[in-house]
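Per-entry structural report
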Amino acid sequence: MAHTNPAAPVALDTETTDLNPFKAQLVGVGLAWGTGLEELAYIPIGQPLPLEEVLAALAPWLASASHPKALQNAKYDRLVLLRHGLPLKGVVMDTLLADYLRDAGERHSLDELAQRHFGFKPTGFSDLVAKGENFASVPVDAAALYCGCLLYTSDAADEGLGV
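Residues numbered from 1 in each chain as written. Predicted model: local features only at pLDDT ≥ 70, side-chain atom pairs only at ≥ 80, totals over all residues. Heavy atoms only, no water.

This part takes up the nonpolar core. In terms of nonpolar packing, the biggest core is built from 20 residues, with L12, L26, V29, L31 and L62 touching the most fellow members. Of all the elements in the fold, those that place two or more residues in this core are β1 (10-16), β2 (26-32), α1 (51-62) and α2 (74-83). Sort the elements by how many residues they give to this core and α1 lands first, with five residues. Ignoring any residue separated from it by four or fewer positions in sequence, one finds L62 in contact with L12, K69, L81, L86, P87, L88 and K89. Listed in part, the 14 residues of the second largest apolar core include Y42, F135, V138 and L151. (Core = buried A, V, L, I, M, F, W, Y, C linked by side-chain atoms within 4.5 Å. Buried < 20%, exposed > 50% of the residue type's maximum accessible area, 1.4 Å probe, protein only. Helix = DSSP H or I, 4+ residues; strand = E, 2+ residues; numbered from the N terminus. Contact = heavy atoms within 4.5 Å.)

Written out as structure tokens, the structure reads:
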């Protein structure tokens, strides 16, 4: 995560237990520093890795303004991370906001971005998480694939949406 080029930010995604950032607990963090499988990482939280260890390891990078990051809906992730005591700095792209600026009349979810700009529909949240459950119930392998697809879409959208 030594990338410091603002033109090539690391895509970041948090997986949580709730859509409300004030209730959400972190269950995973995804990172992508390119578009290849070897350039994606999913860090499951809680099962093999204690939350405190993951947060301590990521804190310096998350708080660094000199390490550029791209997110989809950065406001949500920023609030979730702040609730866990982690400031988020260095956000140089929010694909949701960039897509909104490009066309305010469209929908701006990553599913919609993927369909509109890249011609594919990724696995949806509701396809993965049973009604009444949350992301914590998703097996790690499936969570990693889901998060990886979101990161790939976010990273590709970052390249295509530079505003």
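Below, the discussion takes up the confidence of the model for the chain. In this model, the chain carries a mean pLDDT of 84, and residues with pLDDT of at least 70 account for 92%. Here helix α6 (residues 140-161) stands out as the least confident element of the chain, with mean pLDDT 72; α2 is the most confident, with 96. (pLDDT = per-residue confidence, 0-100.)

Moving on, we come to the packing of aromatic side chains. Taken as a whole and assessed by the stated rule, the structure comprises one aromatic pair. Aromatic side chains F125 and F135 sit 6.2 Å apart centroid to centroid with 20° between the ring planes, which places their arrangement in the stacked category. Taken together, the residues span a long stretch of sequence, with F125 in helix α5 (residues 125-128) and F135 in the loop between α5 and α6 at a distance of 10 residues. Look at F125 and you get partly exposed, because its relative accessible area is 37%. With a relative accessible area of 2%, F135 lands in the buried category. (Phe/Tyr/Trp six-rings, centres within 6.5 Å; stacked < 30°, edge-to-face > 60°.)

What follows deals with the sheet that holds strand β3 (residues 40-44). In sheet architecture, strand pairing relies on hydrogen bonds along the backbone and comes in two forms, parallel and antiparallel. The strand order across the open sheet formed by five strands is β3-β2-β1-β4-β5, and the pairing between neighbours is mixed. Each end of this open sheet is capped by a strand with a single partner; those strands are β3 and β5 (91-94). Averaged over all pairs of adjacent strands, the angle between their axes in this sheet comes to 25°, without regard to strand direction. The pairing of β2 with β3 spans five bridges and is classified as antiparallel. Across the sheet, G28 pairs through a bridge with P44, a residue of β3. In the packing of α2 onto the sheet, the strands contacted are β1, β2, β4 (69-71) and β5, and the crossing angle to β1 comes to about 65°. Along the sheet face, helix α3 (residues 95-102) touches β4 and β5 and points at about 55° away from the line of β5. (Pairing = 2+ DSSP bridges. Axes fitted to C-alpha atoms, helices over the stretch in contact; angles between N-to-C directions.)

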